[in-house]
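A structural walkthrough
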Amino acid sequence: MSLGYEIVRFTPEMTERVAALQTHLWSPNISRNLAYFKWKYEQNPYAGPPQIYLAMLGEEAVGMRGVFAARWQVGDQEFDLPSTCDFVILPEHRDRGLAKRIMDVALADVAAAGCPFVLNLSGSPLTQLISLGMGWRSLWPLDLLGRCPPERQLTTRLKSAVKSLRPVADAYRWMRRRMRDAWSGPGERPFARFDDLAAAARDDDIRITSSPEPDGMARLVAQGVRHDRIRHVRDRAYFTWRFLNPLVEYRFLYLGRPELEGYLVLATPRHSTGVPVLKVADLWSLRPETEARLLDAVIGWGGFDVLYVWGATLAERTRALLVARGFREAEPTASIAAPRRALMAKALADPCDWRVGGISMLDMTHWDLRMIDSDGV
Amino acid sequence: MKNYRNELIAFIRGLEVPDAGVIDDDTPLLESGVLDSLAFFQLALWIERQIGGKLDPATFDLQQEWRTVRSIVAFIERWQTVTR
């Protein structure tokens with residue numbers, strides 16, 4: 001069923017074609033897509049040449065998949081554990097076997113580079129299903145927890161119901177992207193309401209910025225890190241690069257002077273419309289009371305539609321703290337159209353013991369996983 | 001008892017995938033490329049309807065259980081037996 005399609009590896013001359021293809025996923029704006037490409041694939045400190053695989057029909061790029069470079073560690077042992085991402089096939093070229101062909105080439109390259117596994121932390125329901133059909137494994141659910149003000153709960157439930165209807169969901173996503181593009185401009189501020197409420201609250205102990213403090217964050221993480229966990233490398237270079245994602249806007253809450261005692265990172269799509277959905281992309285502290293203080297600040301100030309966090313590898317005390325503050329399971333049931341978000345992995349060697357750094361990937365308690373570890377945040 | 005095999009093959013042919021005519025009981029549907037992503041997703045929704053309830057795809061070995069017509073029919077009949 002080749003029908004003249006060819007799967008090729010990315011070369012720099014294809015950058016514009018990638019940006020054009022990704023108007024179906026990243027954003028409808030090619031300039032923004034070029035900036036995002038540069039951040040994700042060229043400025044990524046853990047990446048070599050961009051690992052992107054395109055389906056070509058003559059000179060036209062009709063599909064692609066990317067591999068997001070990432071470096072993880074257990075103890076002092078570091079290793080590359082990339083994630084697949086950015087899966088797009090133009091509508092008129094679907095149902096022609098391209099998804100599998102692209103993935104086969106991508107995974108062969110990753111395996112040849114010596115990576116025993118590849119992850120996916122940001123797959124759509126369709127991608128999750130197809131991946132499972134192709135031998136990927138859903139290691140464990142990410143346990144998405146959400147909290148919204150009581151007056152927004154009905155609206156949120158209605159939105160979820162609409163999104164679960166695929167054709168409607170596709171139309172909704174298309175319309176939302178177009179609205180984002182129409183609404184974006186100098187006056188758009190996704191954190192506008194949050195910023196105003198935080199300023200009005202006047203908490204002298206919590207600093208809020210729109211940029212990271214890489215040195216302080218790296219020092220703090222080094223003090224409290226669990227060396228027996230599989231975790232992403234979180235050093236100065238990581239913190240310097242990670243939050244430059246041009247499609248996402250961040251707010252950083254810091255507690256502690258002169259040395260940082262804790263931080264919390266909020267993330268939301270930069271060009272979203274309406275009252276935003278905020279994500280707790282990262283949260284780190286040495287003491288439970290610091291953690292509570294940061295969470296209480298965000299919850300108390302408000303300015304969001306829903307606040308999400310991954311609950312899967314949180315410390316028990318943190319999870320209890322979130323539940324006490326009204327966070328609930330955002331995905332209490334799963335279905336084909338709406339599977340739970342999960343850490344998915346594909347073993348590239350056979351046989352496979354599902355171990356990295358000497359510990360099992362299959363046990364959720366062996367991981368320290370945060371939303372910021374996903375390429376989608 | 002419902003003939004899931006015939007209904008499944010009819011459903012796949014109704015998807016109008018190019019190679020639906022060569023499908024037999026043991027054709028690997030996804031691996032062979034007979035079904036692409038969207039067709040497989042529609043098939044998954046069909047299977048879920050036959051089960052009569054929500055199906056969490058992470059709770060079973062989907063690659064093996066939904067690999068062929070034969071394995072899908074066995075899957076559905078097993079679920080019917082368990083839930084009856």
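Residues numbered from 1 in each chain as written. Chains lettered and ligands numbered in written order. Predicted model: local features only at pLDDT ≥ 70, side-chain atom pairs only at ≥ 80, totals over all residues. Heavy atoms only, no water.

Description of the interface of chain B and chain A
Residue-level contacts link 23 residues of chain B with 25 residues of chain A. The contact between chain B and chain A buries some 2,200 Å² in all, and 70% of this surface belongs to carbon and sulfur atoms. The three residues of chain B that bury the most area against chain A are D36, L38 and F41 of chain B, which together make up 28% of that side's buried surface. Our count for the chain B to chain A interface comes out at one salt bridge. Across the pair D56 of chain B and R340 of chain A runs a salt bridge, and its minimum N-O distance is 3.1 Å. On the surface where chain B and chain A come into contact, there are five residue pairs in polar contact (both at pLDDT 80 or more). Going through the elements one at a time, helix 2 (37-51) and helix 3 (62-65) of chain B are the ones with two or more residues in the side of chain B that touches chain A. Considering only residue class, the side of chain B that touches chain A consists of 14 nonpolar, three polar and six charged. (Contact = heavy atoms within 4.5 Å. Buried area = accessible area lost by both parts, 1.4 Å probe. Salt bridge = Lys/Arg side-chain N within 4 Å of Asp/Glu carboxyl O. Polar contact = N/O pair within 3.5 Å; in protein donor to acceptor, adjacent residues only side chain to side chain. Helix = DSSP H or I, 4+ residues; strand = E, 2+ residues; numbered from the N terminus. Nonpolar A, V, L, I, M, F, W, Y, C, P; charged D, E, K, R; others polar.)

Things to note about the packing of helix 10 (residues 288-301) of chain A against helix 11 (residues 316-324) of chain A
All names here are of chain A. Where helix 10 meets helix 11, the closest approach of the two axes is 11 Å, and the angle between their N-to-C directions is 30°. Judged on the interaxial angle alone, helix 11 and helix 10 are roughly parallel. With respect to the hand of their crossing, helix 10 and helix 11 are arranged in right-handed fashion. Mapping the contact onto sequence places P288, E291, A292 and L295 in helix 10 and R317, T318, L321 and L322 in helix 11. (Axes fitted to C-alpha atoms, helices over the stretch in contact; angles between N-to-C directions. Parallel < 35°, antiparallel > 145°, perpendicular 65-115°, else oblique. Left-handed = near helix turned anticlockwise from the far one by under 90°.)

Things to note about the confidence of the model for chain A
Here chain A averages 89 in pLDDT, and 89% of its residues register 70 or above. Long-range and interchain partners of residues 181-187 of chain A, a stretch whose pLDDT sits below 50, account for seven contacts in this model, where long-range means more than four residues apart. (pLDDT = per-residue confidence, 0-100.)

Remarks on the pairing of strand 4 (residues 71-74) of chain A
Residues and elements named next belong to chain A. Two strands pair when backbone bridges link them, and strand 4 and strand 5 (residues 77-80) are joined in this way by four bridges, in the antiparallel orientation. In the sheet register, R71 faces strand 5, and the bridge partner there is D80. Adjacent in sequence and paired antiparallel, strand 4 and strand 5 are bridged by two residues, among which G75 carries a positive phi angle near 60°. (Pairing = 2+ DSSP bridges.)

Comments concerning the layout of surface pockets
Residue and element names in this part refer to chain A. Of the voids in this model, the second largest pocket is the one considered here, and its volume is about 620 Å³. Forming the boundary of the second largest pocket are 31 residues, of which T313, L314, A315, D368 and R370 lie nearest the centre. Elements with a minimum of two residues in the lining of the second largest pocket: strand 14 (277-285), strand 15 (306-310) and helix 11. Broken down by element, the lining of the second largest pocket gets its largest block of residues, six residues, from strand 14. Of the residues that constitute the lining of the second largest pocket, the class distribution is 15 nonpolar, six polar and ten charged. (1 Å grid on protein atoms, 1.4 Å probe; cavity = no way out; pocket = protein on both sides within 12 Å on 5 of 7 lines; lining within 4 Å. Points joined across faces, edges and corners; volume = space filled by probe spheres on them.)

A closer look at the side chain of R231 of chain A
Residues and elements named next belong to chain A. Residue placement: R231 occurs in strand 11 (residues 230-232). Comment: no salt bridge for buried R231; closest opposite-charge side chain is D76, at 5.6 Å. Here R226 takes part through its backbone oxygen, which lies 3.4 Å from a polar atom of the side chain of R231. Discounting chain neighbours no more than four positions away, the residues touching R231 are W72, Q73, V74, G75, V225, R226 and D368. (Buried < 20%, exposed > 50% of the residue type's maximum accessible area, 1.4 Å probe, protein only. Lys, Arg positive; Asp, Glu negative; His and termini not counted.)

A short note on the sheet that holds strand 10 (residues 206-209) of chain A
Residues and elements named next belong to chain A. Spatial strand order, 10-12-13-14-15-9-16: seven strands in an open sheet with mixed pairing. Every other strand in the sheet has two partners, leaving strand 10 and strand 16 (328-329) as the edge strands with one partner each. Where strand 13 (residues 262-269) lies against strand 14, six bridges are found, and the strand directions are antiparallel. Across the sheet, the residue bridging to G262 is S285, located in strand 14. Each of strand 12 (248-255), strand 13 and strand 14 touches helix 8 (residues 214-224); the most contacted strand, strand 13, lies at about 120° to it.

Quick look at the sheet that holds strand 5 of chain A
What holds strands together in a sheet is hydrogen bonding between their backbones, with the strands either parallel or antiparallel. Residue and element names in this part refer to chain A. Strand order across the open sheet formed by four strands is 5-4-11-20, with mixed pairing between neighbours. The open sheet terminates on both sides in strands that have one partner only, identified here as strand 5 and strand 20 (367-368). Inspection of the sheet shows strand 11 paired to strand 20 by two bridges, in the parallel sense. Within the sheet, the bridge partner assigned to R231 lies in strand 20 and is D368.

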